[in-house]
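Survey of secondary and tertiary structure
Spelled out from the first residue to the last, the chains are:
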Amino acid sequence: MANQGIRRSWRIAVLPGDGIGSEVVGATLPLLRHASQMAGLDLNWDMLPWPSTAWHEDNGQMMPDDALAQLSQYDAMLMGALGDPGPTSNPNRYLLSDGVSLSPLLTLRKGFDLWACERPAQLLEGAHQYLADDRARDVDMLVIRENSEGEYVNQGGRLHRGTPRETATQLEVFTRAATERLLRHAFESAQRRAAERKEKGQTRHFKRLDGSHATSQVCLITKRNALPEWGELYTEVFEQLSQRYPDVAIHHELIDAACMKFVQAPWQFDVVAASNLQGDILTDLAAILSGGMGVAPSCNLKPDDRSVPPLFEPTHGSAPDIAGQHLADPTAMILTAAMMLDWMGVEDPAASDAAEHLRRATEASLKARNEGSTLTGTDNISQHIEHFLAQRQEALTP
């Protein structure tokens, strides 16, 4: 994506959250600082104690009433994890229901209208390859999940609760406006990815319906055979928008077939667009294709308004079974920080450089571990990546 201007300074709200969140964030920030200094990036952050279960225990809520107002003053948000704080060995720990502990995620997404959730799936060298087919090394897709409506609008209720006649209803809501912005973003992302590959001397080919080939693709996911109302709305808007992007190949899959083909031939996908629930499922599957939840980054953003702070978070949870033991692998958190730097790089070339430094060092660490290193634990892995960062800095120093 072309630079939209030059920014020289960035403020980040760091939200460690629960469980291993503070551990992976603590391992990531020194690396983020090192990579930023190497690139000449002016990056500053504040560590916030909320949202978190600990904040709830002290204050009766996951975050203050003016949380959105406070966070709106930052350029981006970097979150560790939310959920069970652990350790699970302590039956008397302060434990909240998922509906309470995870509620800040929906509050932040909806409060800032972060309507797109992006999760890249690219198998870095050294990451575990779960599929036996050698072509799985070429997996490089971006799954874009609609994040503002659909199946997660939380509209519904329980009638005759607790009786034999109890009835639960859950309403799905889909609008043309949200559908259009999601799919437009998918097409523009496909064009951007093709341009980036071209700059690197790389090319991918995707088959069009007429048998010709394009260098990018958008695959729409629905279940329009069983859920025809919103499925057909998505399909109609998709076909209309595709006329504006003739250089992008288009494809459609039903969600069940898409899950199968993600496993059979994931290298055939480029950009994938899906509804809230279906995208939620597909992004976890895509994470496995890129090496597992432990190396999978993600972000929630408002692509049409860069003044709104996006939320960057790894895909794993709070891992209460290992919380407090410094056993967590911080790789997903580190790659999430690199994804944040990529987002900043649209306006600040130094951020793009910092992202490359951080991602290269992380990939080198993954490769070393794959070649026999027994390195484990948050602190050890962080120090290992710091070593590769230092080596990279030395190699780049005149």
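Located above this text is the structure these notes cover.
A brief structural summary. (Residues numbered from 1 in each chain as written. Predicted model: local features only at pLDDT ≥ 70, side-chain atom pairs only at ≥ 80, totals over all residues. Heavy atoms only, no water.)

Re the layout of surface pockets
This is how it is decided: Both site types are read off a 1 Å grid over the protein atoms alone. A 1.4 Å probe that fits but cannot get out defines a cavity, while an open set with protein on both sides within 12 Å along at least five of seven lines defines a pocket; lining residues have an atom within 4 Å of a point. Grid points are joined across faces, edges and corners, and a volume is the space filled by probe spheres set on the points. Every helix listed is a DSSP run of H or I at least four residues long, and every strand listed is a run of E at least two residues long, numbered separately from the N terminus. Asp, Glu, Lys and Arg are counted as charged, while Ala, Val, Leu, Ile, Met, Phe, Trp, Tyr, Cys and Pro are counted as nonpolar; the rest, among them Gly, fall into the polar class.
As a volume, the second largest pocket reaches approximately 650 Å³. Lining the second largest pocket are 27 residues, and of these Leu-102, Leu-105, Leu-106, Arg-109 and Asp-280 sit closest to its centre. Taken together, the elements giving at least two residues each to the lining of the second largest pocket come down to strand S3 (76-81), helix H4 (98-101), helix H5 (103-111), strand S6 (150-159) and helix H9 (276-289). The leading source of residues in the lining of the second largest pocket is H5, at 4 residues. Looking at the lining of the second largest pocket residue by residue, the classes come out as 9 nonpolar, 10 polar and 8 charged.

Description of the packing of aromatic side chains
Basically, it comes down to this: Pairing of aromatic side chains here covers Phe, Tyr and the six-membered ring of Trp, requires ring centres within 6.5 Å, and sorts the geometry by plane angle: under 30 degrees stacked, over 60 edge-to-face, intermediate tilted. Counted as over-ring charges are cases with an Arg CZ or a Lys NZ within 6 Å of the ring centre that also lie within 35 degrees of the ring normal.
Counted by the stated rule, this structure contains 8 aromatic pairs. Ring geometry for Phe-174 and Tyr-234: centres 6.0 Å apart, planes at 85°, overall edge-to-face. Taken together, the positions of Phe-174 in the loop between strand S7 (167-173) and helix H6 (176-199) and Tyr-234 in helix H7 (residues 228-242) put the pair 60 residues apart, joining distant regions of the chain. In textbook terms, an aromatic cluster arises when at least three aromatic residues are bridged by ring pairs, as seen for Trp-10, Phe-312 and Trp-343. The residue whose ring lies beneath Arg-11 is Tyr-74, and the NZ or CZ to ring-centre distance is 4.3 Å. Sitting above the plane of the Trp-343 ring, Arg-306 keeps its charged end 4.2 Å from the centroid.

Here we look at the sheet that holds strand S11 (residues 249-254)
Whenever strands of a sheet pair, they do so through backbone hydrogen bonds, lying parallel or antiparallel. The test is simple: Here, a strand pair is defined by DSSP locating no fewer than two bridges between the strands. In what follows, residue pairs with any heavy atoms lying within 4.5 Å of each other are defined as contacts. The axes used here are C-alpha line fits, helices contributing only the stretch in contact, and every angle between their N-to-C directions lies in the interval 0 to 180 degrees.
Within the open sheet, the 10 strands sit side by side as S2-S1-S3-S14-S13-S4-S5-S12-S10-S11. Their pairing is mixed. The open sheet is flanked by strand S2 (43-47) and S11, the only strands paired with a single partner. In this structure, strand S4 (residues 116-122) lies alongside strand S5 (residues 140-146), joined through 7 bridges in antiparallel fashion. Pairing of Ala-121 across the sheet is with Met-141, part of S5. Of the strands in this sheet, S5, strand S10 (217-222), S11 and strand S12 (271-274) are in contact with H7, which crosses S10 at around 165°. Where helix H10 (residues 331-344) meets the sheet, it contacts strand S1 (10-17), S2, S3, S4, strand S13 (299-301) and strand S14 (311-312), and its direction lies at approximately 170° from that of S3.

What to know about empty space enclosed by the protein
Counted under the stated rule, the structure contains 1 cavity of 30 Å³ or more. Residue lining of the largest cavity: Leu-106, Arg-109, Lys-110, Arg-145, Asn-147, Tyr-152 and Asn-276, and that is the complete set. Among the elements that make up the lining of the largest cavity, the one with the highest residue count is H5 (3 residues). Counted by class, the lining of the largest cavity contains 2 nonpolar, 2 polar and 3 charged residues.

Quick word on the pairing of S4
Note the cut-off: The cut-offs for exposure are 20% and 50% of the maximum accessible area for each residue type, with area from a 1.4 Å probe on protein chains only; residues under the lower value are buried, those over the upper are exposed, and the others partly exposed.
With 5 of its 7 residues buried, S4 lies for the most part within the structure. Across 3 bridges, S4 lies against S13 in antiparallel orientation. When the sheet's bridge partners are listed, Ala-116 is paired in S13 with Leu-301.

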